[in-house]
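Spelled out, the chains give:
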Amino acid sequence: MILSLENVSKIYNGNTVLDNIALTIEDHDRIGLVGINGCGKSTLLNIITGREDPETQPDPNTAKVAVTKNASIGFLAQNTGLDRSSTVIEEMTSVFSELLKIAEGMHELEEKMGDPSAHGNPENFKNISEEYARKTAYFEAHDGYLINVKINKVLNGMGFSPDTYDRVISTLSGGEKTRLALAKLLLENPNLLILDEPTNHLDFNTIMWLEDYLQDYKGALLIVSHDRYFLDKLTTSTCEIQRGRLKRYKGNYTAFTALKEADVNRQLKEYEAQQAEIAKLQDFIDRNLVRATTSNMAKSRIKKLEAMEIIEKPITHEKSSKIKFEYDIVPPQDLLTVKNIDISVGSGADKQTLKESVSFEVKRGEKVGIIGSNGIGKSTLLKIIQRKLPCSHGSIEWTKNVKISYFDQENSQLDFNKTVIDEVHSRYRTMSDVEIRSLLGSVRMVGENVFKPISVISGGERAKLCFAIMMLERGNVLILDEPTNHLDIDTKEVLENALCEFDGTIIFVSHDRYLLSRLASRIIEITEDNVESYNGGFADFMEVKHSRRFAEEQRLEEERAKKSKQIADEKKVKAYRSKEQRAADAQKRSRIRDLEKAIEQLEIEMQQLQQEMASPEVCTNYQLMQEKCTLFEEKKQLSSDYSDEWIVLSEELEG
């Protein structure tokens with residue numbers, strides 16, 4: 001066991017967010033934590049990691065948060081990242097600072113052991129040898145020789161190429177800082193890895209790499225995510241927080257939805273059966289309590305009612321958002337033509353061109369999904385085609401009667417100093433407060449939340465506010481930049497349904513595989529090499545990519561086979577050389593085999609000598625230690641001579 005929670009509650013402003021939560025996390029658990037926005041998921045994670053304290057309650061309901069001794073917990077909070085003055089590689093290397101100090105100590109001990117003067121004091125030499133043996137064993141047991149391999153593997157998987165290793169972390173973008181924080185956590189390898197929306201800033205390749213990496217993770221995982229693909233692939237149990245209470249189900253997210261539905265149906269039947277029994281008992285009591293002849297029978301039923309453990313009515317559903325996008329004007333068929341534009345950021349001397357000569361067309365009613373790695377220019381492209389950013393090259397032509405409604409993932413169109421209700425009112429001054437609150441209620445922004453400043457509400461609530469405004473805008477073209485990033489799963493499904501029902505045009509950037517699968521009728525992929533359009537949905541796109549990857553693998557295999565044949569043919573040609581040459585080559589090959597056997601035997605003998613030199617019998621005998629050291633050096637020199645000869649003969653044969 002890594003962690004155990006009992007009787008954990010949390011109250012904010014008189015509202016119970018968590019109600020006597022109990023949870024145990026074992027060594028290899030894979031847990032998905034789900035629930036609507038604001039249900040208390042982040043609060044629970046903060047309590048687990050010690051960032052918040054649970055409510056103080058008297059015995060026997062005292063809250064207990066117990067972490068096993070020496071267990072380590074790593075936590076990636078949502079939208080948080082590293083912000084340091086160190087470089088990328090320095091920060092990643094710092095994870096292994098203890099091992100690197102041991103490596104330095106090993107090097108110092110090696111120098112001491114190689115110093116002839118050290119052999120003059122057998123006791124001192126023995127201590128040095130034993131310390132060296134201990135450090136070496138620890139270093140090897142903790143994969144000290146694989147430090148660079150681990151760092152390169154994780155950084156590459158998280159989208160950091162070697163040319164970024166020397167970049168100062170403070171100069172990275174917010175998404176890059178988050179990815180780097182996750183990379184560092186993976187290298188730290190805690191016993192319990194807690195991830196809050198880890199896929200928010202990741203592109204497809206990075207998400208799929210992370211899925212594969214976490215599948216082999218040796219510790220426990222606790223994941224909060226709205227990415228259903230991600231949860232299905234990684235989790236083996238699902239915890240749902242609903243109205244302050246936590247319930248755990250076996251299986252991944254898909255299994256959870258089926259189990260929960262069956263569970264709710266069973267509870268509902270039990271509740272209805274009990275309510276029928278209660279009604280029957282109450283009816284008997286009401287009719288017979290005042291009668292002398294039946295009073296005792298009525299009283300016995302009162303006792304039965306009082307002793308009954310009341311079954312609560314199960315929550316059959318949470319009220320979902322109601323999102324519907326409509327428009328008034330139908331534009332012509334040929335909606336948008338983009339020709340040879342450059343995707344650029346900055347201006348003047350700071351201008352950076354991310355992509356050159358981008359061209360594509362969009363027809364009315366198309367649902368175009370734009371995908372590509374982080375930083376490739378997807379969001380910039382959306383702003384350029386709306387002329388929110390300048391187009392320095394090429395042309396952008398919209399047809400007439402186009403009305404664009406835009407969702408910006410940074411919510412830059414909102415005034416963070418205004419309250420939620422004032423933001424809507426400032427745009428639509430003729431709307432009454434009742435009408436605005438009704439609109440906000442449709443996206444589940446109710447109560448005091450509508451009077452909160454936009455700066456303090458969650459990312460999911462800001463997204464809902466943007467969708468409410470977009471419903472009022474009635475655009476016939478929706479341009480969406482990562483619209484599902486901060487939404488809970490229920491709201492994602494509502495949004496997906498609304499977008500699928502919308503018969504206008506949608507141009508959207510997303511890494512949400514469910515949204516792309518359901519919505520996209522065409523995929524535009526931006527890569528470092530080109531911009532390519534794929535007809536068909538996301539499944540068709542993936543099939544094309546798979547076919548190309550398979551074809552490329554076949555091509556490489558054919559090239560390898562061709563090269564092997566070429567080498568074989570060259571060997572055949574060489575086989576016809578003179579008898580004297582063949583005889584000489586045969587002698588060289590025979591000598592090479594002898595040298596290889598001799599080198600292998602010397603390696604074994606040197607390894608045995610090292611073990612003997614570390615033994616107490618040799619360490620305490622100065623003369624014997626000197627003999628062993630001399631013999632070791634002789635064998636080492638002989639091995640080096642043999643290796644040099646082997647290299648010369650091998651080169652002569654290849655020539």
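Before reading further, recall that the structure is shown in the block above.
Quick summary incoming for the structure in this document. Predicted model, so just to flag it, every value in this text is computed and none were measured.

The tally for this structure, following the rule as stated, stands at 10 aromatic pairs. Measuring from ring centre to ring centre gives 4.8 Å for Y229 and Y514, while their planes differ by 50°; the resulting arrangement is tilted. With Y229 in helix 8 (residues 228–234) and Y514 in helix 16 (residues 513–519), the pair connects residues that are 285 residues apart, well separated along the chain. Given a relative accessible area of 27%, Y514 falls into the partly exposed group. Between Y253 and F256, the ring centres sit 5.5 Å apart and the planes meet at 50°, which makes this aromatic pair tilted. Taken together, the positions of Y253 and F256, both in helix 9 (residues 253–288) and 3 residues apart, correspond to about one turn of that helix. Put simply, the rings of F204, Y534, F538 and F541 touch in pairs and so form one group of aromatic residues. Across the ring face of F284, the terminal group of R301 is positioned such that the distance to the ring centre comes to 3.9 Å.

Under the criterion given, the structure shown has 35 salt bridges. Notably, a salt bridge pairs K233 with D212, separated by 3.4 Å at the nearest N-O pair. Here K233, found in helix 8, pairs with D212, found in helix 7 (residues 204–215); they are 21 residues apart in sequence, far enough to count as distant. Using a relative accessible area of 37% as the deciding quantity, one classes K233 as partly exposed. The exposure class of D212 is partly exposed, given its relative accessible area of 39%.

With that out of the way, let us pick up the packing of helix 13 (residues 433–442) against helix 14 (residues 459–473). The geometry of helix 13 relative to helix 14 is characterised by a closest axis approach of 9 Å and an angle of 120° between their N-to-C directions. In terms of their interaxial angle, helix 13 and helix 14 are classed as oblique. The chirality of how helix 13 crosses helix 14 is right-handed. In contact with L439, L440 and S442 of helix 13, helix 14 contributes L465, A468, M471 and L472. In the contact of helix 13 with helix 14, the residues fall into 6 nonpolar, 1 polar and no charged.

The subject of this paragraph is the side chain of R30. Looking at where R30 falls in the secondary structure, it is placed in strand 3 (residues 30–34). Buried charge without a partner: R30 forms no salt bridge, and the closest opposite charge is D216, 7.5 Å away. Separated by 2.3 Å, the side chain of R30 and the backbone oxygen of Y217 make a polar contact. A distance of 2.6 Å separates the side chain of R30 from the backbone oxygen of G219, its partner in a polar contact. For R30, the contacting residues outside a window of four places in its chain are L214, Q215, Y217, G219, A220, L221, L234, T235, T236 and S237.

With that settled, consider the packing of helix 12 (residues 420–427) against helix 13. With their axes 10 Å apart at the nearest point, helix 12 and helix 13 run at an angle of 115° to one another. Every pair of crossing elements has a handedness; the one defined by helix 12 and helix 13 is right-handed. Taken together, the residues of helix 13 that come into contact with helix 12 (itself represented by V420, I421, V424 and H425) are D433, I436, R437, L439 and L440. Residue composition of the contact of helix 12 with helix 13, grouped by class: 6 nonpolar, 1 polar and 2 charged.

The subject of this paragraph is helix 6 (residues 174–188). Between its first and last C-alpha atoms helix 6 spans 21 Å; for 15 residues at 1.5 Å apiece the expected length is 21 Å, and the two agree. Buried residues dominate helix 6, accounting for 13 of its 15 residues.

Strand pairs in the sheet, formed through backbone hydrogen bonds, run parallel or antiparallel to each other. Pairing is antiparallel across the open sheet formed by 3 strands, whose spatial order is 2-1-4. Either end of the sheet is taken by a strand with one partner, and the two such strands are strand 2 (15–25) and strand 4 (64–67). Pairwise comparison of adjacent strand axes, ignoring direction, gives a mean angle of 20° for this sheet. Direction of pairing for strand 1 (residues 3–12) relative to strand 4: antiparallel, over a ladder of 4 bridges. If you follow E6 over to strand 4, its bridge partner there is K64. Relative to the sheet, helix 1 (residues 41–48) contacts strand 1, strand 2 and strand 4, its axis offset from that of strand 1 by approximately 125°.

Next up on the list: helix 9. Within an α-helix, residues lying three or four positions from one another point in the same direction, as the helix has 3.6 residues per turn. A rise of 1.5 Å per residue sets the reference length of helix 9, with its 36 residues, at 52 Å; its end C-alpha atoms lie 52 Å apart and thus fit the reference within 8%. Of all the residues in helix 9, the buried ones are Y253, F256, K260, D263, V264, Y271, Q274, I278, L281, F284, I285 and N288. On its buried face, helix 9 sits against strand 3, helix 8, strand 8 (237–242), strand 9 (245–250), helix 10 (295–307) and helix 15 (489–501). Where helix 9 begins, the side chain of N252 points an oxygen toward the backbone nitrogen of T254, at a separation of 3.3 Å.

The rules behind the values
- Residues numbered from 1 in each chain as written.
- Predicted model: local features only at pLDDT ≥ 70, side-chain atom pairs only at ≥ 80, totals over all residues.
- Heavy atoms only, no water.
- Phe/Tyr/Trp six-rings, centres within 6.5 Å; stacked < 30°, edge-to-face > 60°.
- Helix = DSSP H or I, 4+ residues; strand = E, 2+ residues; numbered from the N terminus.
- Buried < 20%, exposed > 50% of the residue type's maximum accessible area, 1.4 Å probe, protein only.
- Lys NZ or Arg CZ within 6 Å of the ring centre and 35° of its normal.
- Salt bridge = Lys/Arg side-chain N within 4 Å of Asp/Glu carboxyl O.
- Axes fitted to C-alpha atoms, helices over the stretch in contact; angles between N-to-C directions.
- Parallel < 35°, antiparallel > 145°, perpendicular 65-115°, else oblique.
- Left-handed = near helix turned anticlockwise from the far one by under 90°.
- Contact = heavy atoms within 4.5 Å.
- Nonpolar A, V, L, I, M, F, W, Y, C, P; charged D, E, K, R; others polar.
- Lys, Arg positive; Asp, Glu negative; His and termini not counted.
- Polar contact = N/O pair within 3.5 Å; in protein donor to acceptor, adjacent residues only side chain to side chain.
- Expected span 1.5 Å × (residues − 1).
- Pairing = 2+ DSSP bridges.

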